[in-house]
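These are the residues of each chain, in order.
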Amino acid sequence: MLKILLPSILLLPSTWLISPKYLWTTTLSYSLLIASASLMWLAAPAETGWSFLNCLMASDPVSTPLLVLTCWLLPLMILASQNHLMLEPTNRQRTFISLLISLQIFLILAFSATELIMFYIMFEATLIPTLIIITRWGNQMERLNAGTYFLFYTLAGSLPLLIALLLLQNSTGTLSFFTIPYLPLTCSDPWAHKIWWTACLLAFLVKMPLYGAHLWLPKAHVEPPIAGSMVLAAVLLKLGGYGMMRILIILDPISKELSYPFIILALWGVIMTGSICLRQTDLKALIAYSSVSHMGLVAAAILIQTPWAFTGALILMIAHGLTSSALFCLANTNYERTHSRTMLLARGLQTLLPLTAVWWFIATLANLALPPLPNLMGELMIITSLFKWSMWTLILTGLGTLITAGYSLYMFLTTQHGPIPNHLISINPPHSREHLLLTLHLLPLLLLILKPELLWGWSA
Amino acid sequence: MADYREAPLATRPKTLDPNEYFNLSPDYRRAEEERAALRANLKRQYQLQLNNPHRTELIEDPALTRWVYARANPYPHFRPTKKTSLLGVMFGVVPLFRPLCLLFALCFTDKFNHGPTCLMFIRY
């Protein structure tokens with residue numbers, strides 16, 4: 001564990017000490033090195049136990065894919081931000097990269113935490129660099145609003161979690177993941193038990209996000225620069241899912257009935273946000289709402305707590321992380337050329353930029369869960385386990401899948417087909433950097449078709 | 001009438017001029033001319049920018065900017081009317097009661113299979 005954490009921490013002083021000529025190449029290659037070293041976590045024996053143990057950090061089959069995704073994402077973020085930061089003074093570039101690196105450190109600590117309080121502190125700590133990235137480097141004035149919504153929604157959801165965890169610590173004396181599944185957790189007052197249950201889950205439901213508390217997400221995904229959007233969509237939402245998976249172990253047995261309204265809300269959210277996507281004009285907002293839609297499925301799956309549902313949720317989280325991040329990178333290539341997020345202003349790109357159209361095509365197909373990509377595997381496992389739980393959910397999930405296909409195709413057809421815009425003088429061809437970025441996003445996704453056991457979590 | 005187009009180099013005869021044919025009032029004709037003048041002005045501005053050889057930036061459409069802003073920021077300008085309240089209730093409040101309906105549905109299908117377990121469930 002320290003093999004990865006110490007190099008990430010030491011990347012921080014490196015950013016400040018390297019000469020500006022080599023800043024981007026060095027940080028990029030260093031973080032790629034860390035990312036390839038993090039693949040060793042996947043080689044751990046796929047049993048249900050913990051591996052790479054020490055007292056404070058460990059990785060198990062659920063957290064390993066998420067850890068690898070986090071480490072993989074840092075070089076991608078650095079690669080993506082290179083263009084729009086080129087014009088800024090060096091110290092600001094260094095600050096931006098330091099924020100990305102500190103985010104990665106907090107995320108590694110969060111996913112490998114073995115104690116609930118450490119997880120909570122890291123969960124909160126990831127908010128700060130993201131907030132700074134959104135409000136300082138965003139492009140429109142709405143970024144201030146976005147930062148406020150993002151910070152206060154997540155904080156308001158997680159303060160009850162702090163109290164719940166402190167209560168738990170008081171009654172059981174420990175919050176370690178190793179011992180908590182075996183502790184007898186009884187609560188005398190049923191009403192207090194219900195409130196404690198809600199307090200535990202609220203933070204993660206807001207972060208996931210659940211449909212009713214999802215208002216922060218479109219704002220927070222649309223306003224930041226590309227690196228902020230990437231990390232938010234790919235990893236920070238999964239932090240909520242991971243937290244829910246961990247904490248549901250201790251929340252039995254009342255979860256069986258109490259989770260009903262949240263499951264229904266999540267499934268309804270899949271359909272509603274999918275329909276909103278069909279009417280969107282802002283490209284990044286469309287991708288943001290599609291994130292809410294996929295995460296709604298994940299939330300519903302995690303709440304029913306069957307082994308297949310957990311597996312499906314984990315696979316969908318990883319696959320969606322890579323796909324969503326790739327789509328945001330593609331939207332950013334559009335934005336850098338037309339300086340507008342409106343979809344109608346950047347049509348007919350297949351004629352103009354055919355190579356980028358290939359990436360658009362693959363990313364769109366991944367978004368609509370085409371077989372044999374892992375997106376489909378995750379969605380299929382979630383839909384089947386939901387069907388076993390209750391057959392009426394099939395209506396909601398089936399409709400949701402249909403609408404997902406609808407808006408993914410809508411996004412593809414609007415940006416790629418159609419008349420070429422008249423008001424642009426020239427559209428720069430794609431840089432090799434952008435091709436590399438999208439390859440690094442979509443290649444892991446395609447490779448995961450061949451070995452999906454890496455993502456199966458506890459069912460492996 | 002709408003399909004009639006004059007030959008390329010000919011002029012439209014006076015009796016087929018839309019204003020005469022439909023007997024439009026002079027006020028309407030004046031308004032129409034003003035609107036046409038506004039449209040022509042906008043087109044002229046756009047064409048000047050489009051064909052300017054020294055232009056390096058994008059042509060910005062202020063109407064599009066206002067429209068995008070309006071789509072992205074509805075909350076500060078929201079006003080509760082009958083239509084917006086109805087939509088809010090239909091899509092915001094009613095789905096919150098869906099868990100109850102699902103619970104009822106599950107219970108009704110359970111009643112014929114498992115009998116009393118369902119009622120214990122509701123009382124909890």
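Model, not experiment: these values are computed from the prediction.

(A) Spotlight on the overall build of chain B. The number of helices and strands found in chain B is six helices and zero strands. Across chain B, helices and strands are ordered from the amino to the carboxyl terminus as α-α-α-α-α-α. Considering chain B as a whole, with its 124 residues, one finds that 7% of them fall into the buried category. Of the accessible surface of chain B, which amounts to about 11,000 Å², a share of 63% is contributed by carbon and sulfur atoms.

(B) Quick look at the side chain of A:N367. Residue and element names in this part refer to chain A. Its place among the elements puts N367 in helix α16 (residues 354–367). Its relative accessible area of 3% is what places N367 among the buried residues. When neighbours within four sequence positions are excluded, N367 is seen to be in contact with S290, H294, T323, L327, T404, Y407, S408 and M411.

(C) Highlighting the nonpolar core. Residues and elements named next belong to chain A. Ranked by internal contacts, the top residues of the largest apolar core, which has 157 residues, are L116, L201, M244, I247 and L251. For this core, the element with the highest residue contribution is helix α14 (residues 307–338), accounting for 16 residues. Non-local contacts of I247, meaning those with residues more than four positions away in its chain, are made with L116, L161, L165, C200, L201 and F204.

(D) Here's a closer look at the interface of chain A and chain B. Facing 27 residues of chain A, the contacting portion of chain B comprises 24 residues. With both chains or domains summed, chain A and chain B bury close to 2,300 Å², and 69% of this area falls on carbon and sulfur atoms. Counting the surface chain A buries against chain B, the share from its top three residues, A:Y260, A:W268 and A:H423, is 22%. Taken together, chain A and chain B are joined by zero salt bridges. Run the count over chain A and chain B and you get three residue pairs in polar contact (both at pLDDT 80 or more).

(E) Broad picture of the confidence of the model for chain A. Averaged over chain A, the pLDDT score is 89; the fraction of residues at 70 or greater is 98%. Here helix α11 (residues 255–258) of chain A is the element of chain A with the lowest mean pLDDT, 77, and helix α4 (residues 90–111) of chain A is the one with the highest, 94.

(F) Representation of the packing of aromatic side chains in the model. Residues and elements named next belong to chain A. Applying the stated criterion across every chain, the model contains eleven aromatic pairs over all chains. For the ring pair F119 and F204, a centre distance of 5.9 Å and an interplane angle of 40 degrees mean the geometry is tilted. In this pair, F119 sits in helix α5 (residues 116–125) while F204 sits in helix α8 (residues 190–207), placing the two residues 85 residues apart along the sequence. F204 shares its class with F119; the two are buried. For the pair F361 and F412, a centre-to-centre distance of 5.4 Å together with 45 degrees between the ring planes defines the contact as tilted. With F361 in helix α16 and F412 in helix α18 (residues 393–416), the pair connects residues that are 51 residues apart, well separated along the chain. On the accessibility criterion, F361 (43% relative accessible area) is partly exposed.

(G) Summary view of the pattern of salt bridges. All names here are of chain A. Within this structure, the stated rule accounts for eight salt bridges over all chains. Between E88 and R92 there is a salt bridge, with its nearest N and O atoms 3.9 Å apart. Within this structure, R337, R433 and E434 form a network of salt bridges that share partners.

(H) Here's a closer look at a nonpolar patch on the surface. All names here are of chain A. A contiguous nonpolar patch, built from F387, M391, W392, L394 and I395 and spanning about 510 Å² of accessible area, is present on the exposed surface. Secondary-structure assignment places W392 in the loop between α17 (374–389) and α18. When its relative accessible area of 37% is taken as the criterion, W392 is described as partly exposed.

(I) Representation of helix α13 (residues 283–304) of chain A. In this model, α13(A) (22 residues) spans 33 Å end to end at C-alpha, consistent with the 32 Å of a helix rising 1.5 Å per residue. With a side-chain oxygen positioned 3.3 Å from the backbone nitrogen of A:K284, the residue opening α13(A) is A:D282.

(J) Fine view of the packing of α5(A) against helix α10 (residues 226–247) of chain A. Residue and element names in this part refer to chain A. The contact between α5 and α10 brings their axes to 12 Å, and the two run at 165 degrees. Classified by the angle between their axes, α5 and α10 sit roughly antiparallel to one another. By crossing handedness, the relation of α5 to α10 is classed as left-handed. Taken together, the residues of α10 that come into contact with α5 (itself represented by L116, F119 and F123) are L239, G240, Y242, G243 and I247. Class assignment for the residues of the contact of α5 with α10 results in six nonpolar, two polar and no charged.

(K) The packing of α4(A) against α10(A), seen in detail. Residues and elements named next belong to chain A. One can describe the packing of α4 onto α10 by two numbers: an axis separation of 12 Å at closest approach and a directional angle of 15 degrees. As far as their axial angle goes, α10 and α4 are roughly parallel. When you trace α4 past α10, the crossing you get is left-handed. Within the contact between the two elements, α4 uses F96, L100, L103, L107, A110 and F111 and α10 uses A227, V231, V235, L236, K238, L239 and Y242. Considering only residue class, the contact of α4 with α10 consists of twelve nonpolar, no polar and one charged.

Rules used throughout
- Residues numbered from 1 in each chain as written.
- Chains lettered and ligands numbered in written order.
- Predicted model: local features only at pLDDT ≥ 70, side-chain atom pairs only at ≥ 80, totals over all residues.
- Heavy atoms only, no water.
- Helix = DSSP H or I, 4+ residues; strand = E, 2+ residues; numbered from the N terminus.
- Buried < 20%, exposed > 50% of the residue type's maximum accessible area, 1.4 Å probe, protein only.
- Areas by Shrake-Rupley, 256 points an atom, 1.4 Å probe, with all protein chains shown as cover.
- Contact = heavy atoms within 4.5 Å.
- Core = buried A, V, L, I, M, F, W, Y, C linked by side-chain atoms within 4.5 Å.
- Buried area = accessible area lost by both parts, 1.4 Å probe.
- Salt bridge = Lys/Arg side-chain N within 4 Å of Asp/Glu carboxyl O.
- Polar contact = N/O pair within 3.5 Å; in protein donor to acceptor, adjacent residues only side chain to side chain.
- pLDDT = per-residue confidence, 0-100.
- Phe/Tyr/Trp six-rings, centres within 6.5 Å; stacked < 30°, edge-to-face > 60°.
- Patch = residues over 30% accessible without salt bridge, like charges linked within 9 Å, V, L, I, M, F, W, Y side chains within 5 Å.
- Expected span 1.5 Å × (residues − 1).
- Axes fitted to C-alpha atoms, helices over the stretch in contact; angles between N-to-C directions.
- Parallel < 35°, antiparallel > 145°, perpendicular 65-115°, else oblique.
- Left-handed = near helix turned anticlockwise from the far one by under 90°.
- Nonpolar A, V, L, I, M, F, W, Y, C, P; charged D, E, K, R; others polar.

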